[in-house]
Amino acid sequence: MSPCSEAGKPCNPCLDAAKSCNLNETCKRLRSAYNSICSKATPPQPTLANQEPCSRKRCQKALRQFFERVSWELSYPLLFCSCSDQACAERRRRTIVPSCSHQERTRPSCLELRANCRSDALCRDWVPFRKESRLADYHMNCRPTPHSVTSCPNEHFHGCLMAYVGLIGSDVTPNYSDSSPSNISLSLWCSCRGTGAQERECEAFHRDFTHNSCLKNAIQSFGYGSDRGTLHVTEPPSTFLPPAPPLQGNTLKPLDNACMFSTCANLQ
């Protein structure tokens, strides 16, 4: 299946995805809503020295509404479109308006992001119609599996993409790191500098996004119109902590399941 709509014409699947969204009333309305909210500057407040340039919470809420109410057939091509040039990749990176929803004036600690998610009901809360929290859902469906052909649990790409999308609009909102069309690079907007004795734990948490072969394979496969793994990304295993044990039954309790797979090795 070709990622482009018309053979012989300039290839920009991300632009094609935007056109398809505009042809659907719900998709067009909710996409316009979050673009407007996330691009609107907030009135300056003299008492707030590090004020953000937009209303982050309103922006994140609008993003969640878009991905929850628009069918994945229309929303996923906007986020996971394959690109052959930088202009296309930049459009893909800016799908979620990163300057408001993803980035901040300064990079917080990755452990701070994780702690914020654990304490915030929207980030920690159960995923609609599923039994896991947003972070636990990502943990279970995107954990790189060494003996899997696709690197994904049960060779299930769509489950990983659903879990990834579930994080968008939360305190732990991931996004593309740059506008490279060929090398998919994903990250959280955070840093592990200054984490001292917790630096290894912090780096392991960050690598769950930056060095995740399951997630990268899932995105590449979706962009090229495949249901199975045909493009494989090999990532070195984490050297910080051992892999988490398999999760079974009711292993996770509501407050425990907000952890990530590189930092869940001792969870029973």
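Residues numbered from 1 in each chain as written. Predicted model: local features only at pLDDT ≥ 70, side-chain atom pairs only at ≥ 80, totals over all residues. Heavy atoms only, no water.

Per an unreviewed UniProt entry, the recorded name for the protein chain is GDNF family receptor alpha-2, and the organism is Dissostichus eleginoides. Of the protein chain, the UniProt comment under Sequence similarities (unreviewed entry) reads exactly: "Belongs to the GDNFR family." (UniProt positions renumbered as here; feature names shortened; annotations may be inferred.)

This part covers the side chain of Ser213. Relative to the elements of secondary structure, Ser213 occurs in helix H12 (residues 213–223). Accessibility expressed as a relative area gives 8% for Ser213, which makes it buried. (Helix = DSSP H or I, 4+ residues; strand = E, 2+ residues; numbered from the N terminus. Buried < 20%, exposed > 50% of the residue type's maximum accessible area, 1.4 Å probe, protein only.)

One pair of aromatic rings is described through two measures. These are the centre distance and the angle between the planes. One pass over the full model with this rule turns up 10 aromatic pairs. Through successive ring pairs, a cluster of aromatic residues spans Trp72, Tyr76, Phe80, Tyr164 and Phe222. Directly above the ring of Tyr176 sits Arg92, whose terminal nitrogen or CZ lies 4.7 Å from the centroid. Looking at Arg107, its charged tip hangs above the ring of Trp189, at a distance of 3.7 Å from the centre. (Phe/Tyr/Trp six-rings, centres within 6.5 Å; stacked < 30°, edge-to-face > 60°. Lys NZ or Arg CZ within 6 Å of the ring centre and 35° of its normal.)

The subject of this paragraph is the nonpolar core. Judged by nonpolar contacts, the single largest core of 54 residues is most densely connected at Phe66, Phe67, Leu79, Phe80, Tyr138, Tyr164 and Ile219. In terms of residue count, the dominant contributor to this core is helix H10 (residues 157–167) (7 residues). Those residues in contact with Tyr164 that lie beyond four places of it in its chain are Leu79, Phe80, Tyr138, Pro174, Asn175, Leu186 and Leu215. One finds Cys14, Cys81, Cys88 and Ala89 within the second-largest nonpolar core, a separate group that totals 5 residues. (Core = buried A, V, L, I, M, F, W, Y, C linked by side-chain atoms within 4.5 Å. Contact = heavy atoms within 4.5 Å.)

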